[in-house]
Each structure stands twice: as C-alpha cells, then as structure tokens.
Amino acid sequence: MVENPRQSRDSLQQLAASRMVIEAVTPEVNAGRFAAKAVAGWPLTVSADVFGDGHEVFAAAVLSRAEGEADWTETRMQALKNDRWQAAVTFETPGPHIFTIRAWRDVWGTWRRDAVKKMAAGQDISVEIEEARLMIAATPAKGADAKELKALAKAMKGKTAVDIAMSDDTDALMRRAGPRANACTYDREIPVWVDREAAAFSAWYELFPRSTGAEGEHGTFRTTIERLPYVKDLGFDVLYFPPIHPIGTTNRKGKNNSLTAGPDDVGSPYAIGSPEGGNSAVHPALGTLDDFDTLIDAAANHGLEIAMDIALNASPDHPWIAEHPDWFERRPDGTIKYAENPPKKYEDIVNFRYYMDDGQPNAPFWQAIRDMFLFWADHGVLCFRVDNPHTKPFPFWEWIIAEVHAQHPGAIFLSEAFTRPKVMKRLAKVGFNQSYSYYTWRNDKAELTEYLTELTTEECRHYMRPNFFVNTPDINPVFLQTSGRPGFRTRAILAASLAGNWGLYSGFELCEAAPLPGREEYLDSEKYELRHRDYDAPGHIKDDVRLINRIRREQPAMRDFTNLKFEVAHDDRVLSYARHDAETGNFIFFHVLIDPFAPAEFTFEIPLWKFGLDDHASIEVEDLINGNRFTWHGKYQTLHLDPESRPYAIWRLIAPGEPR
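Small disclaimer: the values here were computed from a predicted structure and weren't measured.

How each quantity is defined
- Residues numbered from 1 in each chain as written.
- Predicted model: local features only at pLDDT ≥ 70, side-chain atom pairs only at ≥ 80, totals over all residues.
- Heavy atoms only, no water.
- Helix = DSSP H or I, 4+ residues; strand = E, 2+ residues; numbered from the N terminus.
- Areas by Shrake-Rupley, 256 points an atom, 1.4 Å probe, with all protein chains shown as cover.
- UniProt positions renumbered as here; feature names shortened; annotations may be inferred.
- Domains from an automatic or database assignment.
- Pairing = 2+ DSSP bridges.
- Axes fitted to C-alpha atoms, helices over the stretch in contact; angles between N-to-C directions.
- Contact = heavy atoms within 4.5 Å.
- Buried < 20%, exposed > 50% of the residue type's maximum accessible area, 1.4 Å probe, protein only.
- Core = buried A, V, L, I, M, F, W, Y, C linked by side-chain atoms within 4.5 Å.
- Salt bridge = Lys/Arg side-chain N within 4 Å of Asp/Glu carboxyl O.
- Parallel < 35°, antiparallel > 145°, perpendicular 65-115°, else oblique.
- Left-handed = near helix turned anticlockwise from the far one by under 90°.
- Nonpolar A, V, L, I, M, F, W, Y, C, P; charged D, E, K, R; others polar.
- Polar contact = N/O pair within 3.5 Å; in protein donor to acceptor, adjacent residues only side chain to side chain.
- Expected span 1.5 Å × (residues − 1).
- Arc of directions from axis to C-beta.
- Phe/Tyr/Trp six-rings, centres within 6.5 Å; stacked < 30°, edge-to-face > 60°.
- Lys NZ or Arg CZ within 6 Å of the ring centre and 35° of its normal.

Once that is clear, we can look at the overall build of the chain. In terms of regular secondary structure, the chain is built from 16 helices and 28 strands. Projected onto its principal axes, the C-alpha coordinates of the chain cover approximately 100 × 70 × 50 Å. Surface exposure of the chain reaches about 29,200 Å², of which carbon and sulfur atoms provide 51%.

The UniProt feature table records "domain: Glycosyl hydrolase family 13 catalytic" (unreviewed entry) at residues 202-546. In residues 202-546, the share of helix is 31% and the share of strand is 13%. The end C-alpha atoms are 14 Å apart.

Domain parsing of the chain yields domain 1 (5-194) and domain 2 (561-654). Once you take the C-alpha centre of each, domain 1 and domain 2 turn out to be 42 Å apart.

So, about the sheet that holds strand S21 (residues 564-566). The antiparallel open sheet is built from 6 strands, whose spatial order is S21-S22-S23-S28-S25-S26. The open sheet has two edge strands, S21 and strand S26 (629-633), and neither has a second partner. The average angle at which neighbouring strand axes cross in this sheet is 30°, direction not considered. Set on the sheet, helix H14 (residues 445-457) makes contact with S21 and strand S22 (574-580); between it and S21 the angle comes to about 145°. In the packing of helix H15 (residues 478-498) onto the sheet, contacts are made with S21, S22, strand S23 (587-593) and strand S28 (648-654), and the angle to S22 comes to roughly 30°.

With that settled, consider the environment of Glu 567. Checked against the element boundaries, Glu 567 lands in the loop between S21 and S22. Under the relative-accessibility criterion, Glu 567 is labelled buried at 14%. Separated by 11 residues in the primary sequence, Glu 567 and Ala 578 have C-alpha atoms spaced 6.9 Å apart. Apart from residues lying up to four places away in sequence, Glu 567 is in contact with Ser 576, Tyr 577, Ala 578, Phe 589, Pro 607 and Lys 610.

Formed by 108 residues in total, the largest nonpolar core has its most connected members in Tyr 205, Phe 373, Trp 397, Phe 468 and Trp 502. In this structure, Phe 468 is in contact with Ser 437, Tyr 439, Tyr 451, Leu 452, Leu 455, Ala 495, Leu 498, Ala 499, Asn 501, Trp 502 and Gly 503, ignoring residues within four places of it in sequence. Core analysis: the second largest hydrophobic core is formed by 24 residues, Ala 48, Val 50, Ala 103 and Cys 184 among them.

Right, let's talk about the pattern of salt bridges for a bit. On inspection of all chains with the given rule, the structure shows 47 salt bridges. Measuring nitrogen to oxygen at the nearest pair gives 3.6 Å for the salt bridge that ties Glu 605 to Lys 635. Of the two residues, Glu 605 sits in strand S24 (residues 600-605) while Lys 635 sits in the loop between S26 and strand S27 (636-641), which places them 30 residues apart along the sequence. Comparing Glu 605 with Lys 635 shows no difference in burial state: the two are buried. Residues participating in the shared-partner salt-bridge network are Asp 106, Arg 112, Asp 168, Asp 171 and Arg 175.

Another point: the packing of helix H3 (residues 126-138) against helix H4 (residues 143-155). Running from N to C, H3 and H4 point in directions that differ by 150°, and their axes come no closer than 8 Å. The angle between H3 and H4 places the two elements in the roughly antiparallel class. Pair H3 / H4 crosses with left-handed handedness. Note on element contacts: H4 touches H3 through Leu 149, Leu 152 and Ala 153, opposite Arg 133, Ile 136 and Ala 137. Within the contact of H3 with H4, the residues separate by chemical class into 5 nonpolar, no polar and 1 charged.

Pairing is parallel in the open sheet, where 8 strands are placed in the order S18-S17-S16-S13-S12-S11-S20-S19. Only two strands of the sheet have a single partner each, and these edge strands are strand S18 (434-435) and strand S19 (467-469). In the sheet, strand S11 (residues 202-206) pairs with strand S20 (residues 501-505) via 5 bridges, with the strands oriented parallel. Paired with Tyr 205 across the two strands is Leu 504, which belongs to S20.

So, on to the UniProt feature "active site" (unreviewed entry) in the chain. Under the UniProt annotation, the feature "active site" (unreviewed entry) is placed at Asp 387 and Glu 416. Taking the farthest pair of C-alpha atoms as the criterion, the annotated set spanning 30 residues converges on one region, since that pair is 5.3 Å apart. Here Asp 387 lies in strand S16 (residues 383-387). Excluding residues that lie within four positions of it along the chain, Asp 387 makes contacts with Tyr 270, Asp 309, Ile 310, Ala 311, Asn 313, Lys 392 and Glu 416. There is a polar contact of 3.0 Å between the side chain of Asp 387 and the side chain of Arg 385. Following the sequence through the fold, Glu 416 ends up in strand S17 (residues 412-416). When neighbours within four sequence positions are excluded, Glu 416 is seen to be in contact with Arg 385, Val 386, Asp 387, Asn 388, Pro 389, His 390, Tyr 436 and Asp 474. Reaching out from Glu 416, the side chain makes a polar contact with the side chain of Arg 385 at a distance of 3.5 Å.

What follows covers helix H9 (residues 289-301). Relative to the 18 Å expected for 13 residues at 1.5 Å per residue, H9 spans 19 Å between its end C-alpha atoms, a close match to the ideal helical length. Of all the positions in H9, only Asp 291, Phe 292, Leu 295, Ile 296, Ala 298 and Ala 299 are classed as buried. The arc that holds the buried residues of H9, viewed along the axis, is 165°, so those residues lie on one side. With respect to the buried face of H9, the exposed residues turned more than 90 degrees away are Asp 290, Asp 297, Ala 300 and Asn 301. Of the surrounding secondary structure, the elements contacted by the buried residues of H9 are helix H7 (221-225), helix H8 (228-233), strand S12 (238-241), strand S13 (305-310) and helix H11 (363-378). Once H9 ends, the next one or two residues include Gly 303, with phi positive near 75°.

For the structure shown, the criterion picks out 47 aromatic pairs. Seen in terms of ring centroids, Phe 375 and Trp 376 are 5.0 Å apart; in terms of plane orientation they differ by 85°. Their pairing is edge-to-face. The aromatic ring of Tyr 535 is capped on one face by Arg 227, whose charged end is 4.2 Å from the ring centroid.

Structural data, given as structure tokens:
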C-alpha cells in the first residue's frame, strides 16, 4: 500500500513536533477516565517524567483551570531526580477542574548555564552576551515585562552588559517570559474533582434520633436537638443519622432481628416505606419535615452538619410498589423479590430494579433517586452515607453523584461498602468522596502498618479517602468484645490519628460491647429497638475522644492523612508513627499500645534526621496530653505505657528555631 504524500507529511510534522517527552503523570486515575481528588485550598502534588534529547536545559509547568473556564493557571514544576518533575497546585473552589502539563527546551536557561561555565573557565563570552541581548530584545511580552525587557536590551549595549545578563532579576524575568523551544503539551487533560475540606477531614458521630427520648419514649427531631451540645462537646463536626423515613409494618423485625414483631416493636429503619411515604418522607414518630428543618438549623448553630443514611431499600409497604411496579425485582411468578445475602434474609426489604430486561437502565427510577438526593440537599443535607452501594450498579452511582455534584459541588458521599478491595476502590473512582475501610478488622502492628501504607502511598491515595469508623450498628468488632476499656481507648486514638476522617457509633464512648453469642453484632441491637443510655456512666472514654478531636483541630499536621509515616518502636505491641505538615513544620509523634492486656516498656527512635539533626542531638518536645515541655537528648528513648492508665502518648516535636 502506497502512503498518501499529504498524510505522510502531516504525520511527519505531528511526530516532529513532539520532541519533548511527558509521561508517567500523577495523579492520573485510569488514564484520565476518572477524576483524581483534591481539596479546595490544599496543595495537590502533580508529578511527571519530563525529558528530551541532548544536553539542553528543560522546563515544565502544570496548566490548571476550573472546568468551563477559558484561561489556564501556570504553575512551574521543579526538577527532582532522574527526570522526575513536580509541582504543588492549589484549586480554590469545589467542583470539576482539569490540568495538563507543558514542557519545553529552556533556551535562556541553556544559554545561562553554558555562559556561566565559560566564564568559570576564563573564556571570552562577548559573543554569548550579544546572543543574550538579541534574545532579550526578541522576546515578546506584555505589560510590565515588555517594558522591562526593552530596558534590559538597551542597557546591555553598555559596559555592564555581563552583570545585567547574569543578574538574578534578569534570569527570573527570562525564565518567566523567555523563548520556549519545542514546547509540547501532554496528550490529555486530566480531570480533578475538588472537594470542600470536610470531605477529607471530618469527625462523624452516629446516633438514632428515635433513641433520644426519655426512658421508654420514642425520640423525635426535637429531642435530638437536646443532644447537639453533647456531640459538639466531644469534638465532632458531623452528626449522622440512620434512615429517618417511614418504616413498613409488613414482615417488621422484632428485637434482636426476630422474625416476629410485637405491637410495640419499632422495626428496622432500613425497611423504608409505608403509607406515610418513602425515601423523601420522614417517619411520623420523629416529627414533621418542618421539625427536621429546625434540627438542621440548630445543628448548624452548634457547628454541626447533619449526615443522612441513604439506604436504597423498600419495605413491602413502600408507595412506589403500587405506583411503579416495574421499579422492583420480581420472580418468574410475578411475586416481588425480598432482599437476601445468603444465608441472611431480609424479609422486611424488597429490591429495586436498576436495569430492564433489554439491558437498558431503568431511567425513571434512576431519575427518582437523583431527585431524592436533591430533595434532601435542598433541605440542607450535604453529607450522605450510602448503605451497601456495592450491591448497586457502578454506572448508577457515577451518574447519580455527577448529577448531584452538578448542583451541589459541596455534597459528600460516604460509601458504606465493606467488600472486596477492588470494588471499594471502584466506588471511590466513580465519585464517592469517602469510603468505609478495613480498619475495623486491622488490629495488630503488621496489619495496620501494611494497610495504612497502602492507603497513603499507593495509587488509591489519589481517589480513595478512608473514613475510619471504629464501630457501626451492624459491626461489633471481636476485638472490642474482649479488650475492655483499654481497647476502646486505643481504637479511638488510632482511628482519629491515622485517618483524615473517622467516626463512631453512639455507645462506643461508653465501651458497649455485649455481642450476640458468636456473632460480630450487638446484643439488643439498636437497629430493632430503642436504646436509652446513661452517657455519664462510669468507665466511659469521653475524655479520650475529646482529647484526640481537639488535637486534630489544633495541629495542622493532622489534616492531610497522606503525610503519615511509621517510625520505629522496638516492641510489636506498640505502633509508632508521625504526622508532619511541611508547610508549617508542625510535627506530631504518636505511640499507641495495641495490646489491651499488658503494659509495655520499650525503646523507640526519634526521627531526628527529619529535622536535619544527627543521632546525638537534642530536640524540644511538648506533651500534648499534659501540656508540659521538656527536651529529649539523642535518638533512642524509653517509654512505659500501661493499658489501664494511659495506653498512648502524643507529642509535638519542636524543630530548632521554631517559634514556641
């Protein structure tokens, strides 16, 4: 086959234009198929391999803009080792953004580098100075740069031409405005979804509004308002409710998930729907929608956001069953399917239908769910914990989240998917802003170190933000069933200090642990009955929760969880780690005794090298628990931790010269 001459010419020109190499760009999720995640006002590190042929000086920049904007913002990249380049890019507003990378041969930089070498060798550089003058004179620019370039070109005809050409000011001007030879742009624009800070840094407290009433009484939105000061006092900023919708009566579950409900049993809030309404209604026993709006306003006055549990479940009494029969899965005989996760059965729940028999999406249903999210967003709810999203199609969630974000870019979706790793990660890719994690089952030093290293250093750090819930109404971890109060203290401290987002379900702070025998579930589960608690009962750990939430708020290093680094403690029962904020220099150092049954006296190492200090140097330390200050001398120190007194230590290391 003879190639068309014009095609050959165009191909040659296109190929020849790509003289610079730009590859291995990060963050780039699935070759740009999905958006990397960033936080408004936080720097996002962008890296790439950038190089070209020959020995010229190269330069590169990140070009970024909000989606829909015309103009790019340029952030110059810095060369690291082995042709790796990096820049910190900051996006100011939540929503969709894009970036790409531009690289070029730095004509001025090459000239200056070579001229400096010739001067150092004692060579005449008069010809080089004339080259520099001509380059400056020919450089196009606008505004102040144009005036400065014109003045420089004129001044370089005098005796001070060498000094002018070699000055730092001239170098800075020419690197900014000078010629860019063989400029190339990366072959794709990479999407970035920018969240508000609460998506990456938040503390969640879960409670059942129906349990906030007086002993023996059903709570309401109004009685829930009375709990707001308590939640705020513990240091939380998100108050999360299980479903608050009308509960069906058909096949209602009784206490401890009994198949037979008594006349006074309140049922599972996950069996959504009754004649009073469905997913856009509130359970009448909780109050009215106006009462809910009042609660939203009261929470905001306390500095709390309300998070709702969105469970795409329907009781057999859901109004949609009669109104939209084709929105539900059915058996061959036409009867509706109940939810199952063999051997578990959920007789009080039926399944929605996401795709039709012809493989097309059940579009009216998808739109109804989209509108349901928007309904609650219009009522002031922008945090959604989504129940079991991994049992619904990925395209469904990608479309729903994009539709909601288009109107409410500050909306936060938390994926409650305790499932296979790749499924959890895919949900994060399609748009979930936070994800439940395996933290609940990572208990020993090796497990925690391996898991956190994965979350903070592997590719998933670009799109998956874990939320370390210590327990849930569904999960009463085996570790907590046997560890006693020390175990609750360490799990809270670990969750809140290892991750940017963490949460607990009410009762954890009271060390509730009674299980269903042989099960990872709670005895007398609040999912099926009201639970009235004495929040001042002896043995609580409220002080520990307040402490770690205060430290999280006050110390800048606690915000971005990817700065986590594990340090050395010579005891497998002790986890040693640090959080360091490079911008402020804030350095927080943790030691946590994981063993809840026996004390430990151990040697640990201070990472003095991170402060530019040798192994025998001294460093000032602030005890963030007690507030006192002292000095550690040398790299090796000894510490005693006791599970019954204080199973953890939290320090702030103060760099030499750092303001106190």
